[in-house]
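# Structural features, examined
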Amino acid sequence: MRELQESPMDEKKQSIIDKLVDEGIFKIDGKQLYELPIYTLLKQYTELQEQ
């Protein structure tokens, strides 16, 4: 059975999700993080870093 390779974009998205979860963020606007586009995740992460 072949392993599925994640694209670099998928890896980046997962990395951002992991960082947000480490900060205690599990949902944004009532949606689970994995349901959101990477742009929304990056925006939230950037806002968090600016605080």
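This text follows the structure it describes.
The rules behind these values
- Residues numbered from 1 in each chain as written.
- Predicted model: local features only at pLDDT ≥ 70, side-chain atom pairs only at ≥ 80, totals over all residues.
- Heavy atoms only, no water.
- Helix = DSSP H or I, 4+ residues; strand = E, 2+ residues; numbered from the N terminus.
- Buried < 20%, exposed > 50% of the residue type's maximum accessible area, 1.4 Å probe, protein only.
- Contact = heavy atoms within 4.5 Å.
- Areas by Shrake-Rupley, 256 points an atom, 1.4 Å probe, with all protein chains shown as cover.
- Expected span 1.5 Å × (residues − 1).
- Arc of directions from axis to C-beta.

Bringing the overall build of the chain into the picture now. For the chain, the count of helices and strands is two helices and two strands. Traced from its N-terminal end to its C-terminal end, the chain shows the element sequence α-β-β-α. C-alpha atoms of the chain, sized along the principal axes, occupy 45 × 20 × 20 Å. Burial statistics for the chain: of 51 residues in total, 20% are counted as buried. Of the contacts made within the chain by residues no fewer than 6 positions apart, 41% connect residues no fewer than 24 positions apart. With the model as given, the accessible surface of the chain reaches about 4,500 Å², and the carbon-plus-sulfur share is 49%.

So, about unusual backbone geometry. Here aspartate 29, not a glycine, exhibits a phi torsion of approximately 55°, which is positive. As for its position among the elements, aspartate 29 is in the loop between strand S1 (27-28) and strand S2 (31-32).

Right, let's get into helix H2 (residues 38-50). End to end, H2 covers 18 Å across 13 residues, agreeing with the expected 18 Å (1.5 Å per residue, within 8%). What H2 keeps buried is the set Ile38, Leu41 and Leu48. All buried residues of H2 lie within an arc of 90° about the axis, which places them on one face of the element. Summarising the geometry of H2, the exposed residues directed more than 90 degrees from the buried face are Tyr39 and Glu50. Considering only its buried residues, H2 is in contact with helix H1 (8-22) and S1.

Structurally, the position occupied by lysine 13 is in helix H1. We classify lysine 13 as partly exposed; its relative accessible area is 22%. The sequence separation of lysine 13 and glutamate 50 amounts to 37 residues, and the corresponding C-alpha distance is 19 Å. Beyond its immediate sequence surroundings of up to four residues, lysine 13 is in contact with Tyr34, Leu36, Ile38 and Leu41.

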